[in-house]
Amino acid sequence: MWWVGAMAGSRITNEELDKILSQAEEKEKKDPKRRWINRMIRSAKQYHKMCPYYDKRTGKCFLKLGEKCERDGKFDGCPVFIEWLSKKYDELKAKNRPLPMDFLDLTLMV
């Protein structure tokens, strides 16, 4: 039973786990860009089952300018989609324009 001793030293108490999770939540709350990106992803999920920038017929991503989509149109957690939203956030902030509250509003602004 050599593994019992190894695991006993690496256990995390509930208090430590709660502290770590609360720190992660506070970090996300403090970052308005991350919160806005998450809101846009949730909003996009309401309107689209697959990525709105994915071509089903050819399997290509419009955001990558015609390259093949590695995620087969799934945009939840897609680094290309998140990067595009991040750039949109930076563009809107640089122009001092109000941030859209819905994904459809974002697509109409472009």
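Nothing here was measured: the structure is a model prediction, and the numbers come from that model.

Turning our attention to the nonpolar core. One finds W36, F81, W84, L85, F103 and L106 to be the most contacted residues of the largest nonpolar core, which totals 20 residues. Taken together, the elements giving at least two residues each to this core come down to α3 (32–47), α4 (79–94) and α5 (103–109). Here the element with the most residues in this core is α4; it accounts for 6 residues. Excluding its chain neighbours within four sequence positions, the residues that come into contact with W36 are L85, K88, Y89, L99, P100 and L106.

Here the focus is the side chain of D55. As for its placement among the helices and strands, D55 is situated in strand β1 (residues 54–55). It turns out D55 is buried and unbridged, and the closest side chain with the opposite charge, R57, is 4.6 Å from it. A polar side-chain atom of D55 sits 2.8 Å from a polar atom in the side chain of T58. When residues no more than four places from it in sequence are discounted, the contact partners of D55 are K60 and F62.

This brings us to the sheet that holds β1. Reading across from one edge, β1-β2-β3 is the order of the 3 strands in this open sheet, with antiparallel pairing throughout. Looking at strand neighbours, the two that pair on one side only are β1 and β3 (67–68), the edges of this open sheet. Alignment of strand β2 (residues 60–61) against β3, held across 2 bridges, turns out to be antiparallel. Bridge pairing in β3 links K60 to K68.

A separate point is the packing of aromatic side chains. Two numbers describe a pair of aromatic rings. These are the distance of the centres and the angle of the planes. Counted under the stated rule, the structure contains 6 aromatic pairs. Measuring from ring centre to ring centre gives 5.0 Å for Y53 and W84, while their planes differ by 55°; the resulting arrangement is tilted. Of this pair, Y53 sits in the loop between α3 and β1 while W84 is found in helix α4, placing the two residues 31 residues apart along the sequence. Each member of the pair Y53 and W84 is classed as buried. Between the aromatic rings of F81 and F103, the centroid separation amounts to 6.0 Å while the plane-to-plane angle is 50°, which identifies the pairing as tilted. With a gap of 22 residues between them, F81 in helix α4 and F103 in helix α5 connect regions that are remote in the sequence. Across the pair, exposure class does not vary: F81 and F103 are buried alike. Taken together, the ring pairs in this structure connect Y53, F75, F81, W84 and F103 into an aromatic cluster.

So, how was this worked out
Residues numbered from 1 in each chain as written. Predicted model: local features only at pLDDT ≥ 70, side-chain atom pairs only at ≥ 80, totals over all residues. Heavy atoms only, no water. Core = buried A, V, L, I, M, F, W, Y, C linked by side-chain atoms within 4.5 Å. Buried < 20%, exposed > 50% of the residue type's maximum accessible area, 1.4 Å probe, protein only. Helix = DSSP H or I, 4+ residues; strand = E, 2+ residues; numbered from the N terminus. Contact = heavy atoms within 4.5 Å. Lys, Arg positive; Asp, Glu negative; His and termini not counted. Salt bridge = Lys/Arg side-chain N within 4 Å of Asp/Glu carboxyl O. Polar contact = N/O pair within 3.5 Å; in protein donor to acceptor, adjacent residues only side chain to side chain. Pairing = 2+ DSSP bridges. Phe/Tyr/Trp six-rings, centres within 6.5 Å; stacked < 30°, edge-to-face > 60°.

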